[in-house]
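Here is how the chains run, residue by residue.
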Amino acid sequence: MTTLILTLSSCAEAATEYPVAPGDSIQAAVNNASSGDVIIVAPGTYTENIIINKNDLIIKSGSGNPANTIISANNPGVSVISIQNGNNVTIEGFKITGAGTNTSGIYLTGSNYCTIKDNVLYNNYLGIRISGSRGNRLSENTVDLSASHGIVMENTTESIIENNNVNSSRIFGIYLYYANSNNLTSNTMFNNTNNGINLVFSSGNTVSGNTVFDDTLSLNTHSIFLNNSHNNNLQSNSVSNCDYGIAMRYSNNNNLINNNAYNNNRGIYLTLTSSINTLSNNQVNSNFMSGIVLDGCNNNDLVNNTASLNNANGISIGNATSNTLTNNNASQNTRGIYLSSSSSGNTLSGNIVNSNTGRGIELDNAGSNNNLTGNTASSNGVYGIYLASSSNNYLIGNIASSNSKGIYLMTSSGNMISNNTVSNNTVHNTSNGIMLSLSDNNILYMNKAISNTYGISLNSSKNNNVSSNNVTSSTSNGLFLCAQSTNNRIYNNYLNNTMNVNNKNNGSTWNTTKAPGPSIVGGSSIGGNYWANPSGTGFSQLNAAHDSNGDGIIDFKYDGDNLTDYYPLLAVYVPEPVYPIANFTANVTSGNAPLAVLFTDNSQNATGWNWNFGDGTNSTERNTTHTYSSVGNYSVNLTVSNANGTDSKTAVITVLQEQGGNESPVMPVADFSANVTSGYAPLSVLFTDLSQNATSRIWDFTNDGTGDADVSPVVYVYTAPGTYTVNLTSGNQNGTESKLATITVSSKEEEHHSSGGSSHSSGGGGGSPEPARNVDVKELSQTFITNGKETKFNFTKNATCVVYVGFDAKKTVGKTTTIVEQLKNKSTLVSLLSEGEVYRYFNVWVGNSGFATSKNIENPVICFKVEKSWIQDKKIDKDSITLNRYSDKKWEQLPVSLLKEDSKYLYFTADVPGYSFFAITGKENTSPEETVTEIQPDGSDNPENIENTGSEADQGSDEDESPGTPGFEMIYGIAGLLAVSLYKRK
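Keep in mind that what you see is a predicted model, and the values were worked out from it rather than measured.

**Section: the overall build of the chain**
Thinking step 1. The helix and strand inventory of the chain stands at four helices and 89 strands.
Thinking step 2. Taken across its 986 residues, the chain has 53% of its residues classed as buried.
Thinking step 3. Expressed as a percentage of contacts within the chain between residues at least 6 apart in sequence, the contacts between residues at least 24 apart total 54%.
Thinking step 4. Put simply, the chain shows about 39300 Å² of open surface, and 46% of that area lies on carbon and sulfur atoms.

**Let's talk about the environment of Thr620**
Thinking step 1. Relative to the helices and strands, Thr620 resides in the loop between strand E68 (618-619) and strand E69 (624-628).
Thinking step 2. A C-alpha to C-alpha distance of 7.5 Å links Thr620 and Gly608, two positions twelve residues apart in sequence.

**Observations regarding the sheet that holds strand E45 (residues 399-401)**
Thinking step 1. Across the sheet, which stays open at both edges, the seven strands sit in the order E42-E45-E48-E51-E54-E57-E61 with parallel pairing between neighbours. Two strands in the sheet have a free side with no partner beyond their single neighbour: strand E42 (376-378) and strand E61 (530-532). Ignoring which end each strand starts from, the neighbouring axes of this sheet average 5° apart.
Thinking step 2. Where E45 lies against strand E48 (residues 421-423), three bridges are found, and the strand directions are parallel. Opposite Ile399, over in E48, you have Thr421 as the bridge partner.

**Looking at the nonpolar core**
Thinking step 1. The biggest cluster of nonpolar side chains holds 103 residues, and the ones touching the most others in it are Ile52, Ile81 and Ile91.
Thinking step 2. Not counting residues up to four positions away in its chain, the partners in contact with Ile81 are Ile50, Ile52, Ile71, Ile91, Ile96, Gly105, Ile106 and Tyr107.

**Regarding the packing of aromatic side chains**
Thinking step 1. Scanning all chains against the criterion turns up 36 aromatic pairs.
Thinking step 2. Where Tyr383 meets Tyr386, the ring centres are 5.0 Å apart and the plane angle is 40°; that geometry is what we call tilted.
Thinking step 3. A relative accessible area of 10% means that Tyr386 is categorised as buried.
Thinking step 4. Centroid distance Phe687 to Phe701: 5.2 Å. Interplanar angle 25°. Geometry classified as stacked. Remark: Phe701 occurs in the loop between strand E75 (696-700) and strand E76 (714-718) and Phe687 occurs in strand E74 (residues 683-689); sequence separation between them is 14 residues.
Thinking step 5. Cation over ring: Arg266 sits above Tyr269, and NZ or CZ is 5.9 Å from the ring centre.
Thinking step 6. Sitting over the face of the ring of Phe672, Lys739 holds its NZ or CZ atom 5.3 Å from the ring centroid.

**Regarding unusual backbone geometry**
Thinking step 1. Geometrically, the link from Gly517 to Pro518 is a cis peptide bond, its omega value of 10° lying close to zero.
Thinking step 2. Tracing the chain through its elements places Pro518 in the loop between strand E59 (515-516) and strand E60 (525-526).
Thinking step 3. With an omega of -5°, the peptide bond between Ala593 and Pro594 qualifies as cis.
Thinking step 4. Counting through the fold element by element, Pro594 comes out in the loop between strand E65 (590-592) and strand E66 (595-601).

**Some remarks on the side chain of Thr156**
Thinking step 1. Of note, Thr156 is situated in the loop between strand E16 (149-154) and strand E17 (160-162).
Thinking step 2. Within the structure, the side chain of Thr156 is placed 2.9 Å from the backbone oxygen of Glu154, a separation counted as a polar contact.

**Examining the pattern of salt bridges**
Thinking step 1. Scanning the entire structure with this criterion turns up 13 salt bridges.
Thinking step 2. Put simply, Arg129 and Glu154 hold a salt bridge, and the shortest N to O gap is 2.5 Å. Of this pair, Arg129 sits in strand E13 (residues 126-131) while Glu154 sits in strand E16, and the two are 25 residues apart along the sequence.
Thinking step 3. By relative accessible area, Arg129 is classed as buried at 0%.
Thinking step 4. Residue classification places Glu154 among the buried positions, given a relative accessible area of 1%.
Thinking step 5. Salt bridges linked by common partners bring Arg335, Arg359 and Glu362 together as one network.

**A closer look at the side chain of Asn192**
Thinking step 1. Along the chain, the position of Asn192 falls in the loop between strand E21 (188-190) and strand E22 (195-200).
Thinking step 2. A polar contact is formed between the side chain of Asn192 and the backbone oxygen of Val166, at a distance of 3.2 Å.
Thinking step 3. In this structure, Asn192 is in contact with Val166, Asn167, Ser168, Ser169, Ile171, Phe172, Gly173 and Asp214, ignoring residues within four places of it in sequence.

**Examining the environment of Ser457**
Thinking step 1. Following the sequence through the fold, Ser457 ends up in strand E52 (residues 454-459).
Thinking step 2. Assessed through its relative accessible area of 3%, Ser457 is described here as buried.
Thinking step 3. Separated by 24 residues in sequence, Ser457 and Gly433 place their C-alpha atoms 8.1 Å apart.
Thinking step 4. For Ser457, the contacting residues outside a window of four places in its chain are Asn432, Ile434, Met435, Leu436 and Phe480.
Thinking step 5. Of the polar contacts made by the side chain of Ser457, one reaches the side chain of Asn432; its length is 2.3 Å.

**Some words on the sheet that holds strand E73 (residues 678-680)**
Thinking step 1. Strand order in the open sheet formed by four strands is E73-E78-E77-E75, and the pairing between neighbours is mixed. Where the open sheet ends on each side, the last strands, each with one partner, are E73 and E75. On average, adjacent strands in this sheet sit at an angle of 25° to one another, irrespective of strand direction.
Thinking step 2. The pairing of strand E77 (residues 722-732) with strand E78 (residues 735-746) spans eleven bridges and is antiparallel. The residue bridging Tyr724 from the neighbouring strand is Ile743, located in E78.

Definitions and limits used
- Residues numbered from 1 in each chain as written.
- Predicted model: local features only at pLDDT ≥ 70, side-chain atom pairs only at ≥ 80, totals over all residues.
- Heavy atoms only, no water.
- Helix = DSSP H or I, 4+ residues; strand = E, 2+ residues; numbered from the N terminus.
- Buried < 20%, exposed > 50% of the residue type's maximum accessible area, 1.4 Å probe, protein only.
- Contact = heavy atoms within 4.5 Å.
- Areas by Shrake-Rupley, 256 points an atom, 1.4 Å probe, with all protein chains shown as cover.
- Pairing = 2+ DSSP bridges.
- Axes fitted to C-alpha atoms, helices over the stretch in contact; angles between N-to-C directions.
- Core = buried A, V, L, I, M, F, W, Y, C linked by side-chain atoms within 4.5 Å.
- Phe/Tyr/Trp six-rings, centres within 6.5 Å; stacked < 30°, edge-to-face > 60°.
- Lys NZ or Arg CZ within 6 Å of the ring centre and 35° of its normal.
- Polar contact = N/O pair within 3.5 Å; in protein donor to acceptor, adjacent residues only side chain to side chain.
- Salt bridge = Lys/Arg side-chain N within 4 Å of Asp/Glu carboxyl O.

Rendered as structure tokens:
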């Protein structure tokens, strides 16, 4: 056998280095260079305009110092450096200046994966402009004194803008216009005249870790501004010294997480129908007006935000409906939470509104059906919870202690006030637990009014129902009725005060019609009230033996206090005193000095708090932050009290060596979070680094020893089922530490029904692993999912081929979002179809990952529509139209039923096994007898209802803009002028 050996030598030329010296032309070097070459520019000043239309070039200064390698425009009417349809080009280490009106220091058009690094862009009209490009990286540049914008991105995707300084631009620092799926990370912007970061019609971007501020607070400035921009993530940004810290208009489904907005006029401001946004864990403190403002915005979620030390309101809501405020802390403001201007249907639950100088929670002309549940409003300067001209609302299970008035209604009717605890409201001799003034037809039911000056007071208030309340230990009177408070019905209350009633009229009724019980003190009948006295000499106590028929009602009426109770109650049992139970949490239990610890009270039945921090200091606030400055172990003790006693709990805080001390090096502490930890493949997971004392990070998403990423936050898609270990290694100059977590990715075979996409909390906000570049248009629909009810998500904007998605719910999960994505091509996560003409590819994501399974839903269905013009053009047999679903690495054809038709569409329904990836197909009609009727347009479908390629459904209209919204008119006008000017130059 003969062996033939062929030796192949490379024909490619080695990369060439082109030196450029002062007096030489950089453009000439570019013209002579080939792909892969490096152009090294010596220090000096080069007066020229440079056009680059080649791939794989590196152009950098020889010294690496932008200050001594300057490129100045020879023609100010042309951009200094233009990269035109050139990919993988690097510009590094220059000072670039002199671009005139509508031109840029560096301009990229149709150029992908370029690197602009460590340059100084000084005194240009536009610093850096990127148009119609993707995958570029701008890092460590300084963009200073731009006459218009620092960095402009238009029709740009998947680019990274990180660690840049953008300063003193006349209009915007960084401006995104129809720019999607970009990352803006760790940039610093200050003294930009209008907006630091401005997004217009830009979706799916991540804006994280940026610092935006002005030296002086100026009107109509915005640190970060979103206009008609959806599905963006704003995370861990610091914004200060602007009129608006973070502002949004006509912008939906954005996530604002862990941002710090301080020393602005308004910290976070949402207006003009910005809806379905999530604001969570933001710090919005020390702003000169309000912390968080929702103006004309609906269906937003505010969760775990801190809004303190703001000069006006912690959280302000006006002309806004169906928003949810949960577990926020709005303390030490003028008002804690303020609802006004017909704001209806909002839910406030679990919020802490303490130590505000005015009111804790205030509803002022707030409309109806607001639900205030489980909030704590204590130690406020005036009122705990205050309703003015706000009717038909629900106050249930709230705590209001140590205010002037615990709960106070003024000219507010038809409200339900139930199961609230109002205690120690004794600021002055007219303080009240609950007070109604000029307020009629309210229900006060099963409230506890303990140790107030007055328990419950009615001032010029009529036709109210006061029943089943526990009013004890009032220092003045348990109940007070003025002369004009008539026609009230007061019964089945437990009254145990030194003076139970001060009644100034005889026009109210102090019992109800006798009826079977149980009464508030355990009798078998309900009638009047239980009249007790702490000394044991109350009417009901003295006459306990007078119940001849054993019905729990004393045999004769109570006649005293200028009232008659015809059915006074007899105590079968006296309610046991309610004792406090101490409990609290600390956000950290160990760390380096100085260590700031947030202590959160979780006690039950407490009306007073006393913290002993173990270092000789104390606090009487309910929730408090304490800083330990010295190394040691500290025993922190919380003692809580109420009228019946006290209880205590102790925990240990360990304070380690001061950071930077000499005893031992400060090591990093690795920590991170994942938005989901399980779901079906493909599973998209958002990882966020939460490490302490770390200067570097390496993500290993499969723990195979190979680093996958070094940025945060970062998204990783697990495409195959399995159990994966993710490893974050955090480091600093003293060493490294790692943290592991498990991600479980399931196959859809495990359930008869497949899941939807990933999301944030509750029923779902909806997320997708589909790359944004493949999404033609998408539409969102939101509804409540209730067990046993038919659920339907209607897509009313006509943006996609899907009309509705429906199923029968087997579980209640509340408000849930479903997303339909109509794709440009097949999903990047599926294989090709084997047959048929494809009309549309689309994805459906219902709620959270793992929600839409057979455990939670049944009978899932999709309704879709097909254009008759497509059927005619492609000569499709309409009986062949099929819905195809991708699952388990294969396509499955699903039968469809023709539901109806109009002049433009055929409408079909299909029973589906679950929600995932879909395609609508049809086959060509080969029968010569059958023809397709020509479609005549009827104008019924308004093209304005259909979104342009790549845009979100439901854009806002300028005609709806409120003239009272400060700053937005001018900014929108400037943005429009800029868009026109940029468009003309294309």
